[in-house]
Amino acid sequence: MYRGRFAPSPTGPLHFGSLVAAVASYLEARQRGGEWLLRIEDVDGPRSREGAVEAILGALAGMGFVWDGEVVYQSARGDLYQREMERLGGLVFDCGCSRKEIGEGRYPGTCRAGMAEGKVLRARRLRVTDEEIWFEDGLQGRFGSRLERDLGDFVLWRADGGIWSYQLAVVVDDEVQGVTDVVRGADLMDSTLRQIYLQRLLGYRELRYLHVPLVLGEDGEKLSKQNLAPGIEVGEAADLLARALRFLGQEPPEGLGLVRLWEWGVGNWDVRRVGREKFSTGHI
Ligand code: GLU
């Protein structure tokens, strides 16, 4: 059974970029007769914005998405993440490095052998190895790298606010929720490598991945809730869905209403038409 999901972080309203990812994952799931789950990734309390969950759920419902089962909230699942992190045993280490000390690049392994005297606990990190991790993406083809060389030991938990990391939460939830297929934006491909590494350590199932191009604004920047990309206006739902489909390389007929357009999408979705570039300004 195919089981997909959409997993927005409630850091702002649903914008066109998230809508594109939602449409792609939805049509992949529905065309295969699969399920489509909705999970709110609100692990990062301080970055979650008041009212954003309601806005996202309202926008999705107004756009005509129908999800299976109850919406899952990561903020209620801390005990589960804790338990799974503990299973990683000695691969998890305490880190006292500040963002400034680490800089822009990959984490150099500073606290692997213990925190230096006088440092305070800032995060728990997972030690990575230098073996190559790769996966065969449903759209982008083979993608891989060596975690230690390219990405570095990554954070599982942050002491400031007691925040579970996206990487850990997403891996645990996809496993526990029985997700089989992940369709999301191509900005997350490096994260996928970290997630595969984590899945293997935890003895989880492997997932299939498909990363769709990310919507760039006219300024060439990624649309994101942080840069306050405008929320979608559901009043124009059919038009928005048509634009999302066109961005994804599909060619819906002009003038269909929302219900007919979804029917057309489920019947005609063809992932081979989606552009392989990782970023695109597309037809927005
Ligand atoms: N919560 C992530 C975001 O909003 C997406 C996570 C995922 O699809 O794995 O960017």
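Overview of the structure. Computed from a predicted structure; not experimentally measured.

Conventions and cut-offs
Residues numbered from 1 in each chain as written. Predicted model: local features only at pLDDT ≥ 70, side-chain atom pairs only at ≥ 80, totals over all residues. Heavy atoms only, no water. Disulfide = S-S within 2.5 Å. Buried < 20%, exposed > 50% of the residue type's maximum accessible area, 1.4 Å probe, protein only. Pairing = 2+ DSSP bridges. Helix = DSSP H or I, 4+ residues; strand = E, 2+ residues; numbered from the N terminus. Contact = heavy atoms within 4.5 Å. Axes fitted to C-alpha atoms, helices over the stretch in contact; angles between N-to-C directions. Phe/Tyr/Trp six-rings, centres within 6.5 Å; stacked < 30°, edge-to-face > 60°. Lys NZ or Arg CZ within 6 Å of the ring centre and 35° of its normal.

**What about the state of the cysteines?**
Consideration 1: Counted by the stated rule, this structure contains zero disulfides.
Consideration 2: Unpaired in this structure, cysteine 95 has its nearest cysteine sulfur neighbour in cysteine 97, at a distance of 3.9 Å.
Consideration 3: Overall, the relative accessible area of 8% leaves cysteine 97 in the buried class.

**Some details on the sheet that holds strand 1 (residues 3-6)**
Consideration 1: Across the sheet, three strands lie side by side as 1-2-3; this open sheet has parallel pairing. Looking along the sheet, the strands with just one partner apiece sit at the ends: strand 1 and strand 3 (72-73).
Consideration 2: Of the strand pairs in this sheet, strand 2 (residues 35-40) and strand 3 are connected by two bridges, and their pairing is parallel. Paired with isoleucine 40 across the bridge in strand 3 is tyrosine 73.
Consideration 3: Packing against the sheet, helix 2 (residues 52-62) makes contact with strand 1, strand 2 and strand 3, and its axis sits at approximately 160° to strand 2.

**Thoughts on the environment of leucine 27**
Consideration 1: Tracing the chain through its elements places leucine 27 in helix 1 (residues 16-31).
Consideration 2: Exposure remark for leucine 27: the relative accessible area of 0% places this residue in the buried category.
Consideration 3: Sequence separation of leucine 27 and valine 271 is 244 residues, and the distance between their C-alpha atoms is 9.4 Å.
Consideration 4: Leave out the neighbours within four places in its chain, and leucine 27 touches Leu245, Trp262, Gly265, Val266 and Trp269.

**Focus: the packing of aromatic side chains**
Each aromatic ring pair is specified by the distance between its two centres and by the angle formed by the two planes.
Consideration 1: Evaluated as defined, the whole model comprises 11 aromatic pairs.
Consideration 2: Ring geometry for tyrosine 26 against tryptophan 36: centres 4.8 Å apart, planes inclined by 90°, an arrangement best described as edge-to-face. Linking tyrosine 26 in helix 1 with tryptophan 36 in strand 2, this pair joins segments that are 10 residues apart in sequence. Side by side, tyrosine 26 and tryptophan 36 carry an identical accessibility label, which is buried.
Consideration 3: In this structure an aromatic cluster arises from ring pairing among Phe6, Tyr26, Trp36, Phe65 and Trp262.
Consideration 4: Positioned above the aromatic ring of tryptophan 134 is the side chain of arginine 142, whose terminal nitrogen or guanidinium carbon lies 3.7 Å from the ring centre.
Consideration 5: Taking the ring centre of phenylalanine 16 as reference, the NZ or CZ of arginine 243 above it sits at 4.9 Å.

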